[in-house]
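# Coordinate analysis (summary)
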Amino acid sequence: MLALGGCASNQALQKGSSDGYAHAPAPPQDSAKAQKLWQVFERYQGTPYHYGGTSARGFDCSGFILTAFREGLGKQLPRTTSQMLAYGDAVHPGDIEPGDLVFFRIGGKEQHAGIYMGGDRFIHASTSSGVTQSSLNGYYWKGRFTEARRFD
């Protein structure tokens, strides 16, 4: 099932970390793009994880990204994480901007993604928390970040 490009994020190890799970949204970045994506995040925050999900009933990570870009920015992105990795422009880690997609290696494969929002925050649909925001420097995510892509 995961070979189809689904998301796999088990944050159970993260619960005791300083990152935790319940965060108020960070202040929106100055960009209109970030503000629109925060609005979508606020609408769906807490929506449960559902493999293959693309609606308020449940999202997987790529389904949330697809929905956030469609509703917030009016853009159509590829459906799966693996398809998203194949498109868009690669972004050097030092040049990541709000709205860029960030990818993570879990279980030996790049199979989780989120939307970078500025600072060290990204929004995503995790298997343990549903639609949430996390820190790129959080215990679970820090060593798993692999690359970023921009879809302009």
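Right, let's walk through the structure included here. This structure is a prediction, so every number in the text was calculated from the model and none was measured.

Cut-offs applied
Residues numbered from 1 in each chain as written. Predicted model: local features only at pLDDT ≥ 70, side-chain atom pairs only at ≥ 80, totals over all residues. Heavy atoms only, no water. Helix = DSSP H or I, 4+ residues; strand = E, 2+ residues; numbered from the N terminus. Buried < 20%, exposed > 50% of the residue type's maximum accessible area, 1.4 Å probe, protein only. Contact = heavy atoms within 4.5 Å. Pairing = 2+ DSSP bridges. Core = buried A, V, L, I, M, F, W, Y, C linked by side-chain atoms within 4.5 Å. Expected span 1.5 Å × (residues − 1).

### Here we look at the overall build of the protein chain
Of regular secondary structure, the protein chain possesses 3 helices and 8 strands. When the helices and strands of the protein chain are read in sequence order from the N terminus, they spell out α-β-β-α-α-β-β-β-β-β-β. The buried share among the 152 residues of the protein chain stands at 50%. Residue pairs at least 24 apart in sequence account for 58% of intrachain contacts in the protein chain once pairs closer than 6 positions are excluded.

### Details of the pairing of strand S5 (residues 109-118)
Judged by how many residues are buried, S5 sits mostly within the fold: 8 of 10 residues are covered. For strand S4 (residues 101-106) and S5, the ladder comprises 6 bridges, and the chain directions are antiparallel. The residue of S5 that forms the bridge with Leu101 is Ile115. Connecting the antiparallel pair S4 and S5 is a turn made up of 2 residues, with Gly107 showing a positive phi of about 65 degrees. Following S5, the chain reverses through 2 residues before pairing antiparallel with strand S6 (residues 121-126); Gly119 in that reversal takes a positive phi of roughly 60 degrees.

### Points about the nonpolar core
Among the nonpolar cores identified, the biggest contains 24 residues, and Phe64, Ile65, Leu101 and Ile115 are the most heavily contacted of them. Of all the secondary-structure elements, those providing two or more residues to this core are helix H1 (32-44), helix H2 (61-73), helix H3 (81-86), S4, S5 and S6. Ranked by the residues each element gives to this core, the list is headed by H1, at 6 residues. The residues contacting Ile115, other than those within four sequence positions of it, are Leu37, Phe64, Ile65, Ala68, Phe69, Gly99, Asp100, Leu101, Val102, Arg121, Phe122 and Ile123. In this structure, Ile96, Val102, Phe122 and Tyr140 belong to the second largest nonpolar core, which totals 11 residues.

### Structural notes on H2
Here H2 contains 13 residues, and its C-alpha end-to-end distance of 17 Å stays within 8% of the 18 Å for a straight helix at 1.5 Å per residue. Taken across its 13 residues, H2 has 10 buried, putting it largely inside the fold. Those residues of H2 lying buried are Cys61, Ser62, Gly63, Phe64, Ile65, Leu66, Thr67, Ala68, Phe69 and Gly72.

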